[in-house]
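One-letter residues, chain by chain:
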Amino acid sequence: MKIKNICCIGAGYVGGPTMAVIALKNPDIKVTIVDINEARIAAWNDTDLSKLPIYEPGLAEIVEKTRGKNLFFSTDVNAAITESEMIFISVNTPTKTYGKGKGMAADLKYVELCARNIAEIATTDKIVVEKSTLPVRTAQAIKSILHNTGNDINFEILSNPEFLAEGTAIDDLLNPDRVLIGGDSEKAIDCLAHVYSSWVAEDKILKTNVWSSELSKLTANAFLAQRVSSINAISELCEHTEANVNEVAKAIGMDSRIGPKFLKASVGFGGSCFQKDILNLVYIARSYNLNEVANYWEQVIIMNDYQKRRFSDQIVRTLYNTVSGKKIGILGWAFKKDTNDTRESAAIYVTDQLLNEQANISVYDPKVSEAKIQTDLNNLNTRPAIENQENVSYNDSAYDALKDTHAVAILTEWDEFKTYDWEKIYAQMKKPAFIFDGRNLLDKSKMNKIGFEYYSIGQ
């Protein structure tokens, strides 16, 4: 099958950047990204590239080069399905909030809706590619739906998980460690491999069966998250023994068997993948009565939740065991720098816990809007939305956000935070002025010299 038209269902954090790079590297292929969210598609089509719904360094430049040439954004899902030879499913797969598997299993209703839509609309043979992060054996469910349409159309199902880190997604796509393609049909696998081979070396394109591909994605994220929780567990021990977690991380990271990546102590990991995928792995293990396996991986999540709770508890304890009526400045709401994604961000949970202690919160993030901050807090259903609105303010300037605060909590490692005039900030704060650096971003000696009471992770 010659691939001339690609359709991607889902214009989110995976679909948008991935399809933009595929379009850039395959100018002879028409790539259409579709989504039923009209506002999101309008944002992708906005002439002002700063209004793209997703912020990733380098993404706007690629969209500018390809949009309207061979990259298109549309709400006409059916038309894109009809004309394409290859369809990527890149819709959201959140953790279930209801029924069996609540709180752990992946909610596949959006994936199933996509599969049923493809089955209903398709009039020619299609290669259907799982791009969303999905639990093992999801391909079998998609295959069952597509192969029971009652017509003679042939559907080949492939698993092609993404291994992107938000904030570096474009570089990850342009220079991938590997591209993983799982499937039963060698011809279908070769079709997708050919698309990637326009810029990815052949030895980096791994071909597996579909089950190995799906499980590799969950396992990769579980291993990475495990490293974060492991160094965070050591960070508390460092604080009690006067060791420095940065020095410990450097020492063990120089071991070639371990390496330095993901050994950065912090207030905890966030994002759309780590927690969701580990919980999914735990759920799968428990479904096979592998309780020891499930308990092992669940501890990574327990440690991450504890680290966030420990951070907020330290703020309360240090501020004389009460933050009631005190103004706390939050620097950073995105779960990491260079993205506007806030899913599972530590800032949400730390702020929620401080609000439970009746603090007044003032937030600044260079890429996250006030509306998104309010939505994140309201989705927790901890308190009435009006209370979040009354007790959480948003500022367009970090200096305004931190004026008259009792303490600053740094919860995202944005580079710009390091360049601020911290003497000016100190002068405008209540005294004693506290900094709680959840990303170990600032220089402790410099902050102490200015006059701050400075607290960090693992030091």
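See the structure printed just above.
Residues numbered from 1 in each chain as written. Predicted model: local features only at pLDDT ≥ 70, side-chain atom pairs only at ≥ 80, totals over all residues. Heavy atoms only, no water.

A. Spotlight on the overall build of the chain. A count of helical and extended segments in the chain gives 18 helices and 14 strands. For 459 residues, the compact-globule formula gives about 23 Å, and the C-alpha radius of gyration of the chain, at 23 Å, lands near that figure. Principal-axis analysis of the C-alpha atoms places the extent of the chain at approximately 75 × 50 × 45 Å. Out of the 459 residues in the chain, the part that is buried amounts to 53%. For the chain, restricting intrachain contacts to residue pairs at least 6 apart in sequence, the fraction spanning at least 24 positions comes to 75%. Accessible surface, the chain as shown: approximately 20600 Å² in total, 49% of it carbon and sulfur. (Helix = DSSP H or I, 4+ residues; strand = E, 2+ residues; numbered from the N terminus. Rg over C-alpha atoms; globule rule 2.2 N^0.38 Å. Buried < 20%, exposed > 50% of the residue type's maximum accessible area, 1.4 Å probe, protein only. Contact = heavy atoms within 4.5 Å. Areas by Shrake-Rupley, 256 points an atom, 1.4 Å probe, with all protein chains shown as cover.)

B. Geometry of the state of the cysteines. Per the counting criterion, the structure on display carries 0 disulfides. You can see Cys 8 has no disulfide; the closest cysteine sulfur is in Cys 7, sitting 7.0 Å from it. Between Cys 114, a cysteine without a disulfide, and Cys 7, which holds the nearest cysteine sulfur, the sulfur-to-sulfur distance is 8.8 Å. (Disulfide = S-S within 2.5 Å.)

C. Here's a closer look at the sheet that holds strand E12 (residues 407-410). With respect to topology, 6 strands assemble into an open sheet ordered E11-E10-E9-E12-E13-E14, the strand pairing being parallel. Single-partner strands in this sheet number two, and they are strand E11 (392-394) and strand E14 (453-456). Strand-to-strand twist across the sheet, computed as the mean angle between neighbouring axes with direction ignored, equals 20°. Note that strand E10 (residues 360-364) and E11 share 3 bridges and pair parallel. Note that in E11 the partner of Ser 362 across the bridge is Ser 393. Contacts from helix H12 (residues 291-318) reach E12, strand E13 (434-437) and E14, with the element oriented near 165° to E13. Set on the sheet, helix H13 (residues 346-356) makes contact with strand E9 (327-331), E10 and E11; between it and E10 the angle comes to about 160°. (Pairing = 2+ DSSP bridges. Axes fitted to C-alpha atoms, helices over the stretch in contact; angles between N-to-C directions.)

D. Molecular detail of the packing of helix H9 (residues 210-241) against H12. As a packed pair, H9 and H12 sit with axes 9 Å apart at the nearest point and diverge in direction by 45°. Taken together, H9 and H12 sit at an angle that is classed as oblique. Remark: the crossing between H9 and H12 carries left-handed chirality. Together, Ala 222, Phe 223, Ala 225, Gln 226, Ser 229, Asn 232, Ala 233, Ser 235, Glu 236 and Glu 239 of H9 and Tyr 296, Trp 297, Val 300, Met 303, Asn 304, Tyr 306, Gln 307 and Arg 310 of H12 make up the contact between the two elements. Of the residues contributing to the contact of H9 with H12, the split by class is 9 nonpolar, 6 polar and 3 charged. (Parallel < 35°, antiparallel > 145°, perpendicular 65-115°, else oblique. Left-handed = near helix turned anticlockwise from the far one by under 90°. Nonpolar A, V, L, I, M, F, W, Y, C, P; charged D, E, K, R; others polar.)

E. Quick peek at the packing of aromatic side chains. This model, assessed by the stated rule, comprises 14 aromatic pairs. A ring pair is formed by Tyr 399 and Tyr 420, whose centres lie 5.5 Å apart and whose planes are at 45°; its orientation type is tilted. Of the two residues, Tyr 399 is situated in helix H16 (residues 398-402) and Tyr 420 in the loop between E12 and helix H17 (422-428); the sequence distance between them amounts to 21 residues. For the ring pair Phe 417 and Tyr 420, a centre distance of 5.6 Å and an interplane angle of 50° mean the geometry is tilted. There is no split in this pair, since Phe 417 and Tyr 420 are both buried. Every member of this aromatic cluster is reached through a ring pair, and the members are Tyr 399, Phe 417, Tyr 420, Trp 422, Tyr 426 and Phe 452. Against the face of Tyr 399 rests Lys 424, its NZ or CZ located 4.5 Å from the ring centre. (Phe/Tyr/Trp six-rings, centres within 6.5 Å; stacked < 30°, edge-to-face > 60°. Lys NZ or Arg CZ within 6 Å of the ring centre and 35° of its normal.)

F. Broad picture of the environment of Glu 112. Within the secondary structure layout, Glu 112 lies in helix H5 (residues 109-121). With a relative accessible area of 36%, Glu 112 lands in the partly exposed category. Separated by 249 residues in sequence, Glu 112 and Ile 361 have C-alpha atoms that sit 40 Å apart. Within polar-contact distance, the side chain of Glu 112 engages the side chain of Arg 116 at 2.9 Å. (Polar contact = N/O pair within 3.5 Å; in protein donor to acceptor, adjacent residues only side chain to side chain.)

G. Spotlight on empty space enclosed by the protein. On inspection of all chains with the given rule, the structure shows 2 cavities of 30 Å³ or more. Taken together, Glu 239, Gln 307, Arg 310, Phe 311, Gln 314, Ser 456 and Ile 457 make up the lining of the second largest cavity. Ranked by residues supplied to the lining of the second largest cavity, first place goes to H12 with 4 residues. Split by residue class, the lining of the second largest cavity holds 2 nonpolar, 3 polar and 2 charged. (1 Å grid on protein atoms, 1.4 Å probe; cavity = no way out; pocket = protein on both sides within 12 Å on 5 of 7 lines; lining within 4 Å. Points joined across faces, edges and corners; volume = space filled by probe spheres on them.)

H. Representation of helix H14 (residues 370-378) in the model. Within H14, burial applies to Ile 373, Gln 374, Asp 376 and Leu 377. Seen from one end, H14 has its buried residues packed into an arc of 160°, which puts them on one side. Those residues of H14 hidden inside the fold are in contact with H13, E10, helix H15 (385-391) and E11. (Arc of directions from axis to C-beta.)

I. Structural context of the nonpolar core. Membership of the largest hydrophobic core comes to 55 residues, with the highest contact counts inside it found for Leu 331 and Trp 422. Per-element accounting of this core gives the leading share, 6 residues, to H13. Dropping the residues within four chain positions of it, Leu 331 is found in contact with Tyr 364, Ala 398, Leu 402, Val 408, Ala 409, Ile 410, Leu 411, Thr 412, Phe 417, Tyr 420 and Trp 422. Leu 49, Leu 59, Ile 181 and Cys 191 belong to the second largest nonpolar core, which has 44 residues in total. (Core = buried A, V, L, I, M, F, W, Y, C linked by side-chain atoms within 4.5 Å.)

J. Examining the environment of Lys 444 more closely. Relative to the elements of secondary structure, Lys 444 occurs in helix H18 (residues 444-450). Taking relative accessible area as the criterion, Lys 444 reaches 36% and is therefore assigned partly exposed. Once the C-alpha coordinates of Lys 444 and Ile 9 are considered, the two residues, 435 residues apart in sequence, prove to be 47 Å apart.

K. Highlighting the environment of Leu 49. Take Leu 49: it is sitting in the loop between helix H2 (38-44) and helix H3 (59-66). Sequence separation between Leu 49 and Val 14 is 35 residues; the distance between their C-alpha atoms is 18 Å.

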